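Results of the structural survey
So you can see what is in the structure, the chains are spelled out below.
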Amino acid sequence: MSSVRILLCDDHVVVRAGLLALLGSTPDIDVVGEAGSGEEAVAMAAKLKPDVVLMDLQLGSGIDGVEATRRIAPTGVHVLVLTTYDTDADITRAIEAGATGYLLKAERPEELFAAIHAAAQGRTALSPPVASRVMDRMRGAAGPSLTDRERDILGQLGRGLGNREIARALFISEATVKTHLGRIYAKLGVDTRAGAVAVVKERRLLP
């Protein structure tokens, strides 16, 4: 099997040196370049055309790892994020920017090697904690199972209508509106009309 050609991008010289030593211990990974900034990584990726860019997220001044990923990914070079940050926002931004994988620096060396080979083949590589977060977000994005009538009522609720106005608009009784609202609150995990509207907007449950 041919070696995977790697470009390292991290603004800490000591971290790059450690990664260089670590990756140099395995014969099927070849580090072809080192970048200390996002701009440098973009330029070197275009010039060297590595199989994988090992990308940190926080890169000091200049563009960050997410923006560098956004510029590199369309060229066909795979980007594997290697970072200490595992917040939902960081993970989402990196994946949306085109990162093939997202690995935490706390992973064992063998996990890093495996992720590099996976990324080189275009396969997704995620640290277990990151995979769990992604799955949780996907489950949350699916949203609760609302009936068509409940969606109708939520739509009217979003317009600021009261129970009586909703009943008139949908040609149902106020009692029916109240019953549906009780079910909606339970499904959304809220207690108030304002809470329901906030959840609907946050999760984009309505078109």
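Rules behind the numbers
Counting restarts for each chain, with residues numbered from 1 along the sequence as it is written. Two thresholds apply to this predicted model, a pLDDT of at least 70 for residue-level local features and 80 or more for giving and counting side-chain atom pairs, whereas whole-chain, interface and lining totals are computed over all residues. Heavy atoms throughout the structure, all of them, feed into the side-chain values; hydrogens and water do not. Throughout this description, the term nonpolar core refers to a set of buried Ala, Val, Leu, Ile, Met, Phe, Trp, Tyr and Cys residues connected via side-chain atoms within 4.5 Å. For the exposure calls, accessible area comes from a 1.4 Å probe over protein chains only, and a residue counts as buried if that area is under 20% of its type's maximum, exposed if over 50%, partly exposed in between. Only DSSP runs of H or I covering at least 4 residues are called helices, and only runs of E covering at least 2 are called strands; the numbering of each starts at the N terminus. Pairs of residues are marked as contacts when any of their non-hydrogen atoms sit within 4.5 Å. This arc corresponds to the set of directions leading from the helix axis out to the C-beta atoms. Here, strands pair whenever DSSP counts at least two bridges between them. Orientation is described by lines fitted to C-alpha atoms, with helices fitted over the stretch in contact, and by angles between N-to-C directions that extend from 0 to 180 degrees.

**A few points about the nonpolar core**
- Ranked by internal contacts, the top residues of the largest apolar core, which has 19 residues, are Leu 154, Leu 157, Ile 166, Leu 181, Leu 188 and Ala 196.
- Elements supplying a minimum of two residues to this core: α7 (148-158), α8 (163-170), α9 (174-188) and α10 (193-203).
- The greatest single-element share of this core, amounting to five residues, is contributed by α9.
- Discounting chain neighbours no more than four positions away, the residues touching Leu 181 are Ile 153, Leu 157, Asn 163 and Arg 193.

**Remarks on helix α1 (residues 13-23)**
- Turning to α1, its buried residues are Arg 16, Leu 19 and Leu 23. For α1, the angular spread of the buried residues around the axis is 65 degrees, confining them to a single face. In this structure, α1 carries Val 13, Val 14 and Ala 21 as exposed residues pointing more than 90 degrees from its buried face.
- Where the residues of α1 are buried, they touch β1 (4-9), β2 (29-35), β3 (52-55), β4 (78-83) and α5 (109-120).

**Some thoughts on the sheet that holds strand β6 (residues 125-126)**
- In spatial order, the strands read β2-β1-β3-β4-β5-β6; together these six strands make up an open sheet with parallel pairing. Every other strand in the sheet has two partners, leaving β2 and β6 as the edge strands with one partner each.
- Summarising the sheet, β4 and strand β5 (residues 101-104) pair through four bridges and their orientation is parallel. Along β5, the bridge assignment pairs Thr 83 with Leu 104.
- Most of the contacts of α1 go to β2, to which it runs at about 165 degrees, and overall it touches β1, β2, β3 and β4.
- The strands touched by helix α2 (residues 38-48) within the sheet are β1, β2 and β3, with β2 carrying the most contacts at an inclination of about 135 degrees.

**Quick word on unusual backbone geometry**
- Even without being a glycine, Lys 49 presents a positive backbone phi close to 50 degrees.
- One can find Lys 49 in the loop between α2 and β3.
- Unlike most non-glycine residues, Phe 171 shows phi in positive territory, near 60 degrees.
- If you trace the backbone, Phe 171 turns up in the loop between α8 and α9.

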